[in-house]
Amino acid sequence: RLNTWESLTTGIAQQAKGVIAPKEKTPFITFVLGGPGSGKGTQCIKIVETFGFAHLSAGDLLRREIASKSADGAMILNTIKEGKIVPSQVTVKLIQKEMELSDNHKFLIDGFPRTEENRVSFEQILSEWQSQIGVEPNVVLFFDCPEEEMVKRVLNRNEGRVDDNLETIKKRLTVFQALSLPVINYYSEKGKLYTIKAIGTEDEIFEQVRPIFAAFEVCSQTVG
Ligand SMILES: Nc1ncnc2c1ncn2[C@@H]1O[C@H](COP(=O)(O)OP(=O)(O)O)[C@@H](O)[C@H]1O
Ligand SMILES: Nc1ccn([C@@H]2O[C@H](COP(=O)(O)OP(=O)(O)O)[C@@H](O)[C@H]2O)c(=O)n1
Ligand SMILES: [Mg+2]
């Protein structure tokens with residue numbers, strides 16, 4: 001199997017020679033953003049089922065590090081309990097590893113970037129991988145949900161998470177407003193942002209999500 005990034009560089013060389021290799025695909029990167037409890041994970045499952053993406057949840061990768069008792073585990077646990085943001089180098093390394101291990105070329109990166117620092121760290125990785133294509137994600141989804149609804153959902157989530165309590169949720173909402181909204185505004189200005197009204201049933205929300213990816217499917221079929 002060719003690693004996505006190797007095949008990408010090969011792809012560029014072949015395009016330059018006028019040869020297109022049909023099986024080798026350029027990575028397609030979607031960031032999935034929104035406050036805690038806005039429904040990112042729930043909708044990602046539907047996107048995976050319908051459009052065949054690989055789902056990389058930053059929060060899940062960090063929780064896996066805690067569970068594996070890795071060197072950073074205690075620091076990550078404390079940061080999550082406080083509703084703060086784990087240093088970007090830690091999170092980016094976990095995401096990068098998952099992408100390199102994946103056979104897929106379509107990635108849903110859920111809950112990342114949550115800060116401008118997160119965003120810039122990941123751009124540095126992308127620029128090393130695909131300097132000729134650019135460092136921007138293809139799509140940024142924003143699940144826009146009222147705070148009271150997010151609080152209600154998180155308190156009912158029942159996954160045993162250390163951060164799903166009222167005290168930590170308040171902190172996470174403050175972090176979201178102060179650090180994550182600037183990232184969302186950045187992508188809005190870049191014309192990459194697709195805002196989803198994240199209230200209603202899961203299926204109703206997915207009917208807003210579906211056409212975004214359906215349009216890209218048509219594109220890729222047309223191109224080749
Ligand atoms: N449209 C919805 N309406 C009501 N509850 C929802 C909806 N979407 C998700 N949930 C529930 O809300 C909680 C948070 O959803 P989740 O997908 O984990 O959000 P996030 O990943 O953004 O924190 C979960 O318990 C989930 O089952
Ligand atoms: N990019 C990220 C993503 C999550 N996290 C940490 O992990 C926690 C849980 O993230 P999550 O994405 O699983 O949370 P939800 O938005 O799904 O509720 C966050 O509150 C942060 O403490 C982080 O530090 N950096
Ligand atoms: Mg989630």
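So, a few notes on the structure that sits alongside this text. Everything numeric in this text was worked out from a predicted model, so none of it was measured.

## Overview of the overall build of the protein chain
And step 1. Counting its secondary structure elements, the protein chain contains nine helices and five strands.
And step 2. Residues classed as buried in the protein chain amount to 46% of the 224 residues present.
And step 3. Considering only intrachain contacts with a sequence separation of at least 6, the fraction spanning at least 24 residues in the protein chain is 74%.
And step 4. Carbon and sulfur atoms provide 52% of the accessible area of the protein chain, an area that totals close to 11700 Å².

## Section: the site of ligand 2
And step 1. Close to ligand 2 lie 19 residues, the nearest being Lys40, Lys84, Val86, Arg114 and Arg172.
And step 2. Valine 86 places a main-chain nitrogen or oxygen 2.7 Å from an oxygen atom of ligand 2.
And step 3. A distance of 3.1 Å is found between an oxygen atom of ligand 2 and a side-chain nitrogen or oxygen belonging to arginine 161.
And step 4. Protein contacts shield 96% of the accessible area of ligand 2, which totals 530 Å² for the unbound molecule.
And step 5. Judged by the proximity of its atoms to the pocket grid, ligand 2 belongs to the largest pocket.
And step 6. Top element by residues in the shell around ligand 2 is helix α3 (residues 58-67). It accounts for four residues.
And step 7. By residue class, the composition of the shell around ligand 2 is seven nonpolar, four polar and eight charged.

## Here's the deal with the state of the cysteines
And step 1. Throughout the structure, instances matching the rule amount to zero disulfides.
And step 2. No disulfide involves cysteine 44; its sulfur sits 15 Å from that of cysteine 145, the nearest cysteine.
And step 3. The class for cysteine 44 is buried, based on a relative accessible area of 0%.

Cut-offs used in this document
- Counting restarts for each chain: residues are numbered from 1 in the order of the written sequence.
- Chains carry letters from A onward and ligands carry numbers from 1 onward, assigned in written order.
- Two thresholds apply to this predicted model, a pLDDT of at least 70 for residue-level local features and 80 or more for giving and counting side-chain atom pairs, whereas whole-chain, interface and lining totals are computed over all residues.
- Working from all heavy atoms in the structure, the side-chain values ignore hydrogens and water.
- Strands are runs of DSSP state E lasting at least 2 residues, helices are runs of H or I lasting at least 4, and numbering of each runs from the N terminus.
- Buried residues are those whose accessible area, probed at 1.4 Å on protein chains only, stays under 20% of the maximum for their type, while exposed residues exceed 50% and partly exposed ones sit between those limits.
- Here, residues are in contact when the closest pair of their heavy atoms is within 4.5 Å.
- Method for areas: the Shrake-Rupley scheme with a 1.4 Å probe, in which residue coverage is limited to the protein chains shown.
- Proximity is defined per residue: any heavy atom of the residue falling within 4 Å of a molecule or strand makes that residue near it.
- Between N or O atoms, a polar contact is any pair within 3.5 Å; within protein, one atom must be a potential hydrogen donor and the other a potential acceptor, and residues adjacent in sequence are included only when both atoms are from side chains.
- Detection works on a 1 Å grid of protein atoms alone, calling trapped sets that fit a 1.4 Å probe cavities and calling open sets with protein on both sides within 12 Å along at least five of seven lines pockets, with lining residues defined by an atom within 4 Å of a point.
- Grid points define the cavity or pocket, and a molecule sits in it when more than half of its atoms lie within 2 Å of them.
- Side-chain classes are defined by residue name, with Ala, Val, Leu, Ile, Met, Phe, Trp, Tyr, Cys and Pro counting as nonpolar, Asp, Glu, Lys and Arg as charged, and the others, Gly among them, as polar.
- Throughout, disulfides are identified as pairs of cysteine sulfur atoms within 2.5 Å of each other.

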